[in-house]
Each structure stands twice: as structure tokens, then as C-alpha cells.
Amino acid sequence: MRDAPPARAVLLDVDGVLLDSAASHRRVWDTWALRNGLDPEAVWPLTFGRRPEDTVRAAAPALDAAAERRALDALLAAEGDAVPPVPGAGGLLAALEAARVPWALVTSGGRAAVPARFAAAGLPLPPVRVHGEDVVRGKPAPDCYALAAARLGVPPDACVAVEDAPAGAEAARAAGVTSSGSPPRTAPTRSRPRTRTPRATRRSAPRSPPSAYSPAPA
């Protein structure tokens, strides 16, 4: 079997790959689910790799996804920007910079929170960043990865994506990008005991990012 060609660019997811945001996001989604009479345990897996409004459509189709996105943004803003980096994230980005390998962020999250959170975590921001608002269709559709590759000026099949969620890996593959997955995200333990057994429908730590790619020298 022939070896895969070296990657000319690396496309990185944010949450769970560079930022250890699972606990913060879990609190946000638990609060939102309980406000809307939903089971947090059923909602949480629907969030992985998806834009908030797409999760709302999957979890509660009767709700106004745009209005709920605004409510979720407010909950996320209340969490603040002090989200720690995933161990090894800084070293990975430094290695890419040292090797002069182009890299980009490809996230389902909104563009408002990323700069402040990266600054708080001590991580650099690349010139190319694709957020959930930048595409019509979010992950698992290929649009975000296709756009990131185009903005870098690198063919998709010469890029490697680092993803921790099935929706993101599917999006990368659909765009023709090789997906190098980090370990699947697991749900953090809820901080409060369950006092009831909610219905599944509405009532009427991550390891270091993998380096499983071979960047081409600049």
C-alpha cells in the first residue's frame, strides 16, 4: 500500500481539539434543556460538532431555532472566556508555525467567542477561520471544510482535519479532506444530582490533539 501524501495544510476543529470546553458547554446545554422541558442526557449527544441552531432543530423542532440560538449565545457569554486549552494544543500550533504549515480553524461555534477564548488560553489565532455563521449548511455538511481549504488556497485532498466529533469527521471526509480524529468527546459528570427521570422528548477530558499527519515542508 502506498503511503499517503504529506499534508500541505491542517484544518483544526476548536472545541474538544484545542479548547477544553466540554464542561462549560455541558452547563449551557443542561440549562437550556431544562428550561425547555427536555432531557439533558438526550440533548447533550446532539450537540457534538454541530451548530447550536442545528442542535435545537434536532432536539426540539417546534422551537424557533434562531431565537433559541440567541438564548444559547447569552448562556455561553455568561460562562466567560476562561476556557483552558486541551493539553498539547499550544505545542501542536507552535509546531505547525515552526514548520510553516498553513493551518485554519473550522468550528461550528460562533465567531464572537473564539478570539477572547483563544487569548485567555494563550493560543494563537490563524488568519483563516471558518465559523458556523460562514456557511449555509453546518457540519456534517462539507461546506465549512471546503471553504477553509479554498481560503488557504490548498486543494481539499492535500489537507488534514483534526476532529473529535463524528459530525465534524463526516464533514471533512465529504469535502475530500482526510480526517485525523482525536478521541471521541465524553460527557462530563453533571454537577447536580438528578431528582427526576425526565423523558427523552419535550413534554406536552480530552487527550492531546493527535499528530497523525505528515506535514510537508514549506
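The coordinates are above.
One structure accompanies this document, and this report is about it. (Residues numbered from 1 in each chain as written. Predicted model: local features only at pLDDT ≥ 70, side-chain atom pairs only at ≥ 80, totals over all residues. Heavy atoms only, no water.)

A word on the packing of aromatic side chains
- On inspection of all chains with the given rule, the structure shows 2 aromatic pairs.
- Each ring, one from tryptophan 29 and one from tryptophan 32, has its centre 5.4 Å from the other, and the planes form 80 degrees; the classification is edge-to-face. Residue tryptophan 29 and its partner tryptophan 32 are located together in helix α1 (residues 22-35), separated by 3 residues, close to a single helical turn. The exposure classification of tryptophan 29 matches that of tryptophan 32, with both residues buried.
- Note on tryptophan 44 and phenylalanine 48: the rings are 5.3 Å apart at their centroids and 85 degrees apart in plane angle, and the pair reads as edge-to-face.
- By relative accessible area, tryptophan 44 is classed as buried at 3%. (Phe/Tyr/Trp six-rings, centres within 6.5 Å; stacked < 30°, edge-to-face > 60°. Helix = DSSP H or I, 4+ residues; strand = E, 2+ residues; numbered from the N terminus. Buried < 20%, exposed > 50% of the residue type's maximum accessible area, 1.4 Å probe, protein only.)

Considerations on the pattern of salt bridges
- Tallied over the entire structure, the rule returns 12 salt bridges.
- Of the charged contacts, one joins glutamate 79 and arginine 27 as a salt bridge, the two residues approaching to 2.7 Å between their closest N and O atoms. With glutamate 79 in helix α4 (residues 65-79) and arginine 27 in helix α1, this residue pair connects regions lying 52 residues apart in the sequence.
- Across the pair glutamate 53 and arginine 69 runs a salt bridge whose closest N-O atoms are separated by 2.6 Å. (Salt bridge = Lys/Arg side-chain N within 4 Å of Asp/Glu carboxyl O.)

What to know about empty space enclosed by the protein
- What the largest cavity holds in volume is close to 40 Å³.
- Looking at the lining of the largest cavity, its residues break down into 2 nonpolar, 5 polar and 2 charged. (1 Å grid on protein atoms, 1.4 Å probe; cavity = no way out; pocket = protein on both sides within 12 Å on 5 of 7 lines; lining within 4 Å. Points joined across faces, edges and corners; volume = space filled by probe spheres on them. Nonpolar A, V, L, I, M, F, W, Y, C, P; charged D, E, K, R; others polar.)

Re the pairing of strand β1 (residues 9-12)
- Because side chains alternate across β1, one face comprises the buried residues Ala9 and Leu11, and the other comprises Val10 and Leu12, equally buried.
- In this structure, β1 lies alongside strand β4 (residues 159-163), joined through 4 bridges in parallel fashion. Pairing of leucine 12 across the sheet is with valine 162, part of β4.
- Pairing of β1 with strand β2 (residues 103-106) involves 3 bridges; the strand directions are parallel. In the strand pairing of β2, leucine 12 is matched with leucine 105. (Pairing = 2+ DSSP bridges.)

Quick look at the environment of glycine 132
- By the secondary structure assignment, glycine 132 is in the loop between β3 (129-130) and α7 (143-152).
- For the pair formed by glycine 132 and valine 106, sequence separation is 26 residues and the distance between their alpha carbons is 8.4 Å.
- When residues no more than four places from it in sequence are discounted, the contact partners of glycine 132 are Arg51, Thr107, Ser108 and Gly109. (Contact = heavy atoms within 4.5 Å.)

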